[in-house]
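Residue strings, one per chain:
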Amino acid sequence: AGARVVVVGGGFAGATCARYLKRWAPAAEVVLIEAAEAFVACPMSNRVIGGTMSIRDLTRSHATLSAAHGVQVVRDTVTAIDAGARRVSLARGGAMSYDRLVVAPGIDFAYDSLPGLESAAAQEQVLHAWKAGPQTQELRRRLVALPQGGVFAIHIPAMSYRCPPGPYERACLVARSLQRSNPRAKVLVFDANPDVVAKKSLFLDAFRNRYKGMIEYVPNAGYEEMDAAGGELRFDVQAGIKADLWNVIPPQRAGIIARKAGLANVGGRWCEVDFLSYESKVAPGVHVIGDSIASAPGLPKSAHMANQQAKVCAAAIAALLAGKPVSDEPIVTNTCYSFVNEKEAIHVAGVYRYDADKRTMAAVPGAGGLSSAATSEEGFMALAWAFNILNDTLG
Ligand code: FAD
């Protein structure tokens, strides 16, 4: 029998890696262990909150991976990793051994660093909607129910977090929805960062022109304490702000299983990897991809990056299984679209190459770019990007 590679987590990183590994190492047994019944994609989920897309459009099963691509899909949660014995434990009981392991569990929320939001009850009152699913739909319902002239407020954590432009896109799409149904409402954007962290001039233009008088942007707004029941958030530099509807995006860290397995060696938060193979720097035979890794400087945590890392990792594992050298010149790309209303979008793109001296990924000078303005052509391309990447991930 061929070697067995176990992949933990069937999101943008894990499912892509499993699919391409089976293609490039057909003799290998590729097992994908995924906790959820179906995958719900985060890209475009701000459109669900804005009311112009349904969560069904973003939901896919893992069935094609097994039916058409030869990946064994196991519906279970990995509860422990024994890297020495090369074995994972499963929530439903039993264990599975592996020759190589890929860990791709996405993110976990650091609620323990948000006073007032530690309890489950408080977390139900103040939603994140930063993992697409029921919270996305519930935030839409609450937005529709916002009183006339009410206040929607969003808090953005300090970098680094999943999808840097996502909160600013959300502010635009929430404002657009309110412009139609609740034009006296306000959208307050409190940012723990000193400035808009992505597509700055384009988002500020949207805030100041398209949503003039509706969106107010406040930088350097560090979270201090939340009174969830009273709908009030206190900041380190200003008094408490009350809102009818709060959306607090918590600080993030590597998925629970990655941290539990001791893979998150960077500040106990993110997993350091070798960018040639995505093998963990602390656990031989264990690779980490997607949002859980300590990203190279300037590279975002995105579905596009997760997809690219997955392919570099799959190619490296295929080479290692065949006793061949791993490529020493990976090149990856990232394109990130954001909608500013239901039709028009903007993008930022980058190309990154391995820097052998610094052992990291670095931007290729002169490659990539930024939109000059939001257009509906880019809106079409954004939707095409979203469905293409979902097809590439889950078939
Ligand atoms: P995920 O996609 O979250 O997948 C992780 C999977 O692992 C999940 O299915 C989970 O159930 C599973 N899992 C976790 N732990 C276990 C376990 N112990 N056992 C078994 N299974 C487990 N990116 C873009 O490129 N473009 C965009 O336009 C974009 N828009 C976004 C908008 C929003 C609002 C948000 C929140 C994110 C957006 N992103 C976008 C970012 C993108 O969603 C993430 O970067 C991407 O999902 C990361 O992929 P991942 O595979 O690391 O994690």
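The protein carries the name FAD-dependent oxidoreductase in an unreviewed UniProt entry, which gives Thauera sedimentorum as its organism.

Where do I start with the overall build of the protein in this structure?
Per the secondary structure count, the protein includes ten helices and 23 strands. Its C-alpha atoms give the protein a radius of gyration of 21 Å, near enough to 21 Å, the size a compact globule of 395 residues would have. In terms of principal-axis extent, the alpha carbons of the protein reach across some 65 × 45 × 40 Å. The proportion of buried residues among the 395 residues of the protein is 47%. Long-range contacts, defined as pairs at least 24 residues apart, comprise 68% of the intrachain contacts of the protein with a sequence gap of at least 6.

What exactly am I supposed to notice about the UniProt feature "domain: Flavocytochrome c sulphide dehydrogenase flavin-binding" (unreviewed entry) in the protein here?
Under the feature "domain: Flavocytochrome c sulphide dehydrogenase flavin-binding" (unreviewed entry), the UniProt entry names residues 329-394. In residues 329-394, the share of helix is 29% and the share of strand is 39%. The end C-alpha atoms are 27 Å apart.

Hey, could you run me through the pairing of strand E11 (residues 151-156) in this one?
Two faces make up the sheet, and in a regular strand the side chains alternate between them. A large share of E11 lies buried, amounting to five of its six residues. Tracing the backbone out of E11, into helix H6 (residues 166-181) and back to the parallel element strand E12 (residues 186-191) gives a crossover that is right-handed. For E11 and strand E17 (residues 245-248), the ladder comprises four bridges, and the chain directions are parallel. Opposite Ile154, over in E17, you have Asn247 as the bridge partner.

Where do I start with the nonpolar core in this structure?
In globular proteins that are soluble, nonpolar side chains generally tend to be buried together. Val7, Cys17, Leu21 and Ile289 are the most contacted members of the largest nonpolar core, which totals 121 residues. Looking at which element gives the most residues to this core, the answer is helix H9 (residues 303-321), with eleven residues. Residues within four places of Cys17 in sequence aside, it is in contact with Val7, Val102, Ala104, Ile289, Ala310, Cys313 and Ala314.

Which parts of the structure should I look at to understand the site of the ligand?
Around the ligand, the structure places 36 residues, and the nearest of them are Gly9, Gly11, Cys42, Gly106 and Gly290. The set of elements that each furnish at least two residues to the shell around the ligand consists of helix H1 (12-24), strand E2 (29-34), helix H2 (45-50), H9 and strand E20 (331-339). Here the shell around the ligand is composed, by residue class, of 19 nonpolar, 13 polar and four charged.

Whenever I open this one, the environment of Ser372 confuses me. Can you help?
Tracing the chain through its elements places Ser372 in the loop between strand E23 (369-370) and helix H10 (376-394). Note: C-alpha distance between Ser372 and Leu202 (170 residues apart in sequence) is 7.9 Å.

Help me understand the packing of H1 against H9, please; the structure alone is not making it clear to me.
What describes two packed helices is the angle between their axes and the distance between those same axes. Contact geometry for H1 and H9: axes closest at 8 Å, N-to-C directions at 35°. The way H1 lies across H9 gives a crossing that is right-handed. Contacts between H1 and H9 pair Phe12, Ala13, Thr16, Cys17, Tyr20, Leu21 and Trp24 from the former with Ala303, Ala306, Asn307, Gln309, Ala310, Lys311, Cys313, Ala314, Ala315, Ile317 and Ala318 from the latter.

Honestly, the environment of Val197 in this entry has me stumped. Any pointers?
With respect to the helices and strands, Val197 occurs in the loop between E12 and helix H7 (200-210). Expressed as a C-alpha distance, the spacing of Val197 and Val312, which sit 115 residues apart in the sequence, is 27 Å. Among residues more than four places away in sequence, those in contact with Val197 are Met159 and Pro164.

What should I look at first to understand H10 in this one?
Side chains that are three or four residues apart share a direction in an α-helix, a result of its 3.6 residues per turn. Between its terminal C-alpha atoms H10 stretches 27 Å, which fits the 27 Å expected from 19 residues at 1.5 Å a residue. Considered for burial, the residues of H10 that qualify are Glu378, Ala382, Trp385, Ile389, Leu390, Thr393 and Leu394. Around the axis of H10, the buried residues are gathered within 125° of arc, so they sit on the same side. Exposed and facing more than 90 degrees away from the buried side of H10 are Ser376, Glu377, Phe380, Ala384, Asn388 and Asn391. The positive-phi residue at the C-terminal boundary of H10 is Gly395, with phi of around 75°.

For this particular structure, what's the right way to read H1?
In this model H1 runs 18 Å from its N-terminal to its C-terminal C-alpha over 13 residues, within 8% of the 18 Å that 1.5 Å per residue would give. Among the 13 residues that make up H1, eleven are buried, leaving the element largely enclosed by the rest of the structure. What H1 keeps buried is the set Phe12, Ala13, Gly14, Ala15, Thr16, Cys17, Ala18, Arg19, Tyr20, Leu21 and Lys22. Residues of H1 that are buried in the fold lie against strand E1 (4-8), E2, helix H3 (63-69), strand E9 (100-103), H9 and H10.

Reading the values: rules and limits
- Note that residues are indexed from 1 along each chain, following the sequence as it is written.
- Totals for whole chains, interfaces and linings use all residues, but because this is a predicted model, local features are given only for residues with pLDDT of at least 70 and pairs of side-chain atoms are given and counted only at 80 or more.
- Labels follow the DSSP assignment, with helices taken as runs of H or I lasting at least four residues and strands as runs of E lasting at least two, numbered in each case from the N terminus.
- Our radius of gyration is a C-alpha quantity, and the globule rule it is checked against amounts to 2.2 Å times the number of residues to the power 0.38.
- Note on burial: count the other C-beta atoms lying within 10 Å of the residue's C-beta; 20 or more is buried, 12 or fewer is exposed, in between is partly exposed, and C-beta positions come from the backbone.
- Residues are scored as being in contact if the C-beta atoms we place from backbone atoms lie within 7 Å.
- UniProt positions are given in the numbering used here, feature names are shortened, and annotations may be inferred rather than shown by experiment.
- Crossover handedness is defined by viewing with both strands directed away from the observer: a clockwise path from the first strand over the helix to the second marks the crossover as right-handed.
- Two strands pair under a simple rule: DSSP has to find at least two bridges between them.
- Working definition: the nonpolar core is a set of buried Ala, Val, Leu, Ile, Met, Phe, Trp, Tyr and Cys residues, joined through C-beta atoms within 7 Å.
- By definition, a residue lies near a molecule or strand when the C-beta atom built from its backbone is within 6 Å of it.
- When residue character is reported, Ala, Val, Leu, Ile, Met, Phe, Trp, Tyr, Cys and Pro are called nonpolar, Asp, Glu, Lys and Arg charged, and the others, Gly included, polar.
- To obtain each axis, a line is fitted to C-alpha atoms, and for helices this fit is confined to the stretch in contact; angles are then taken between N-to-C directions over 0 to 180 degrees.
- Note on convention: the crossing is left-handed when the near helix lies turned anticlockwise from the far helix by less than a right angle, right-handed when the turn is clockwise.
- By this rule the span expected of a helix is its residue count minus one, scaled by 1.5 Å.
- Along the arc lie the directions from the helix axis toward the C-beta atoms.

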